[in-house]
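Chain and residue survey
Given next are the chains, with one letter for each unit.
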Amino acid sequence: VGGFLGPFGGAMLIAVIPNVARGLDTSLGYVAAAITAYMVPFAVLQLVSGTLAERLGARRVVRAGYVGFGVAALACALAPEIWSFLAARAVMGTANAFLSPILLAALSEVVAPEVLGRTVGTFAAAQTAGLTLAPVLGGALGEVSWRLGFVLVAVVSAALALPRQSLGAAERQADSGGASLGALLNRWIALLAAKAVLGYLGFTAIGFVLVLVAAEEFGLGSAARGLLVAGYGVGGILLGRYAGTVVDRAGRPATALTGAVACTAGVLGLLVVPSAWSLALVYFGVGCASAFVWAGLNTIVVESFPENRAGATSAYSAFKFAGVAVAPLLYVPLFHVDTRLPFVLAAACSALLALLVVPWFARYR
């Protein structure tokens, strides 16, 4: 539930931007800025949130994160004007920096190594479900009131903050001072950070370019474009747990490498599809393949840095969102030059990710 809640709370605004603008008597641009207000502190603070959790104790930090997330969501629901709404969204992003990556790191503390991949894959599927279903559920609640979605997030956060729900008794003792950012300054975390950027840049963030292609070349309406892009997330949801099982059986690097090669082929396939249906089908396939990439890489990161597990996971997660932030800056200018160029660059990023997985085979041996 915690894995679902963070992405859901962040993405549910997308479907109700016009509703919020009318409700707060402001412009669409100001409401859209609330997405940036959420994402910037969320991405930046993940560079240090995991290390703080290692020092203070994951249970304490996660409980505080749930409380902060819920209070900020309630503040969004009660906001009388846009500036208080923007401030509350920034607090939500700040709180989520102390939730999603730390929950992922905690999995490696509470499950047996032989099923770690399956568990991490399931968690990734829950996160993808939150991201994919957020516009759907947020839009449905928005038919009644845009404030209801934020009230729902506040209620669920309050329930998760209860002592019996905050990682239980399985948490290891807080580190009195051994965990540090310095422990992460090595080539292995740099490789993982690079793969995180390349993955989101290569086959996750390319979805917004598909929206442009679907509108200009195939004439799809907004609802059809939304379903097309959602196919990627559906693939990740359906195969997340299975991909984790493959990680446990075939190995972490092998699974991630196979998935990255498949994603590369899929992104190249987007260059030559002849219809909107085939575009949707290929992007669904890319989403399925991405489940194997993230199951492999997520498992690698949670077990490769035991001296600062949460710190490594949160830093790795921060670089994922750096890929999302960079994508529009790279792809939009290329799209205006030639609609095929963004897909060529995305395929190159995916292929480079596959190449950067190779050094992990030697480390695991």
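Residues numbered from 1 in each chain as written. Predicted model: local features only at pLDDT ≥ 70, side-chain atom pairs only at ≥ 80, totals over all residues. Heavy atoms only, no water.

Some remarks on the overall build of the protein
- Broken down by element type, the protein carries 16 helices and zero strands.
- Over its C-alpha atoms the protein spans a radius of gyration of 20 Å, differing by no more than 12% from the 21 Å that the globule rule assigns to 365 residues.
- Counting only contacts in the protein whose residues sit at least 6 apart along the sequence, the fraction spanning at least 24 positions is 84%.
- Of the accessible surface of the protein, which amounts to about 15,100 Å², a share of 70% is contributed by carbon and sulfur atoms.
- For the protein, the distance from the average site of its 21 positive side-chain charges to the average site of its 14 negative ones is 6 Å. (Helix = DSSP H or I, 4+ residues; strand = E, 2+ residues; numbered from the N terminus. Rg over C-alpha atoms; globule rule 2.2 N^0.38 Å. Contact = heavy atoms within 4.5 Å. Areas by Shrake-Rupley, 256 points an atom, 1.4 Å probe, with all protein chains shown as cover. Lys, Arg positive; Asp, Glu negative; His and termini not counted. Charge placed at Lys NZ, Arg CZ, Asp CG, Glu CD.)

A closer look at the environment of Val 1
- Within the secondary structure, Val 1 sits in the segment before α1 (2-11).
- For Val 1, a relative accessible area of 67% gives the class exposed.
- C-alpha of Val 1 to C-alpha of Gln 127: the two residues are 126 residues apart in sequence and 8.9 Å apart in space.
- Excluding its chain neighbours within four sequence positions, the residues that come into contact with Val 1 are Val 156 and Leu 160. (Buried < 20%, exposed > 50% of the residue type's maximum accessible area, 1.4 Å probe, protein only.)

Things to note about the packing of aromatic side chains
- Using the criterion set out here, one finds eleven aromatic pairs in the structure.
- Seen from their ring centres, Tyr 200 and Trp 294 are 5.2 Å apart, and the 65° between their planes marks the pair as edge-to-face. Placement of the pair is Tyr 200 in helix α9 (residues 187-204) and Trp 294 in helix α13 (residues 276-304), with a sequence separation of 94 residues. For the pair Tyr 200 and Trp 294, a shared accessibility class is recorded, and that class is buried.
- Judged by centre distance (6.1 Å) and plane angle (85°), the ring pair of Tyr 242 and Phe 292 falls under edge-to-face. Placement of the pair is Tyr 242 in helix α11 (residues 222-250) and Phe 292 in helix α13, with a sequence separation of 50 residues.
- On the basis of relative accessibility, which here comes to 17%, the residue Phe 292 falls in the buried class.
- Counting every residue linked through ring pairs, the aromatic cluster contains Phe 85, Trp 146 and Phe 150.
- Positioned above the aromatic ring of Trp 294 is the side chain of Lys 320, whose terminal nitrogen or guanidinium carbon lies 4.7 Å from the ring centre. (Phe/Tyr/Trp six-rings, centres within 6.5 Å; stacked < 30°, edge-to-face > 60°. Lys NZ or Arg CZ within 6 Å of the ring centre and 35° of its normal.)

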